[in-house]
Amino acid sequence: MTGAEETSKGRRMPGAILFICGMNAIRSPMAELIARKLLPQGVYVASAGVRSGERDPFVDVVLEEIGLSLGRRQPQTLDDLEDDFFDLVVTLAPEAHHAALELTRSSAVEVVYWPMPDPTVATGTREQILGAYREVRDRIERRIREELVATGSR
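Residues numbered from 1 in each chain as written. Predicted model: local features only at pLDDT ≥ 70, side-chain atom pairs only at ≥ 80, totals over all residues. Heavy atoms only, no water.

Draft legend 1. Structural view of the pattern of salt bridges. This model, assessed by the stated rule, comprises eleven salt bridges. Measuring nitrogen to oxygen at the nearest pair gives 3.1 Å for the salt bridge that ties Glu-102 to Arg-105. Take Glu-102: its relative accessible area is 46%, and that puts it in the partly exposed class. When its relative accessible area of 64% is taken as the criterion, Arg-105 is described as exposed. Shared partners join several salt bridges into a network, and the residues in it are Glu-65, Glu-127, Arg-134, Arg-137 and Asp-138. (Salt bridge = Lys/Arg side-chain N within 4 Å of Asp/Glu carboxyl O. Buried < 20%, exposed > 50% of the residue type's maximum accessible area, 1.4 Å probe, protein only.)

Structure follows, in structure tokens:
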């Protein structure tokens, strides 16, 4: 893909994308892996949380269902990022959106908010809880396809 190709929304494909959620344990790592799978290899994709979190085993289950794996990756905060230059910051939770706006207020970075539910509030059987995680995973994938995947690619 050349830098001139556009996304399905008519924008240039960002060269570097950061996904942020509360603890980088559920929504943002899902988004990172799904984006890496769907976007061209030249697009740098990372994720982080506003605060420290613990890895969530349900995330591993629902990512494995679509052929993805976090491997040994552990949640990281914004302070842990190796690179801090991004063309696009996608926030997936209200606290992440506020933090991203604060961090980028003096830079020319596009910040967009894709509100995603918190699946940890789901109750019921293991299968019902996994259903909440699958719903978030699928919503994230749909949003990446609609907003970021270039027309005619992949």
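Draft legend 2. Representation of the nonpolar core in the model. With 34 residues, the main nonpolar core has Phe-19, Met-30, Leu-39, Trp-114 and Ile-144 as its most contacted residues. Looking at this core, the elements with two or more residues in it are β1 (16-21), α1 (27-38), α2 (57-64), β3 (88-91) and α4 (126-147). Other than its neighbours up to four places away in sequence, Met-30 contacts Val-59, Val-62, Leu-63, Tyr-133, Val-136, Arg-137 and Ile-140. Ile-20, Val-89, Ala-100 and Val-111 belong to the second-largest nonpolar core, a separate cluster that totals 13 residues. (Core = buried A, V, L, I, M, F, W, Y, C linked by side-chain atoms within 4.5 Å. Helix = DSSP H or I, 4+ residues; strand = E, 2+ residues; numbered from the N terminus. Contact = heavy atoms within 4.5 Å.)

Draft legend 3. The environment of Leu-18, seen in detail. Residue position: Leu-18 is located in strand β1. Looking at Leu-18, the relative accessible area reads 4%, which means it is buried. Sequence separation of Leu-18 and Thr-91 is 73 residues, and the distance between their C-alpha atoms is 8.3 Å. Ignoring sequence-local partners within four residues, the contact set of Leu-18 consists of Ala-46, Ser-47, Ala-48, Leu-78, Leu-81, Phe-86, Leu-88, Val-89 and Val-90.

Draft legend 4. Main features of the packing of α2 against α4. Packing of α2 against α4 brings their axes to within 10 Å, and their N-to-C directions diverge by 65°. In terms of axis orientation, α2 runs roughly perpendicular to α4. For the element pair α2 and α4, the recorded crossing hand is right-handed. In contact with Phe-58, Val-59, Val-61 and Val-62 of α2, α4 contributes Arg-126, Ile-129, Leu-130, Tyr-133, Arg-134 and Arg-137. Residues that form the contact of α2 with α4 fall into these classes: seven nonpolar, no polar and three charged. (Axes fitted to C-alpha atoms, helices over the stretch in contact; angles between N-to-C directions. Parallel < 35°, antiparallel > 145°, perpendicular 65-115°, else oblique. Left-handed = near helix turned anticlockwise from the far one by under 90°. Nonpolar A, V, L, I, M, F, W, Y, C, P; charged D, E, K, R; others polar.)

So far we have only geometry, and geometry alone does not tell us how the molecule works.
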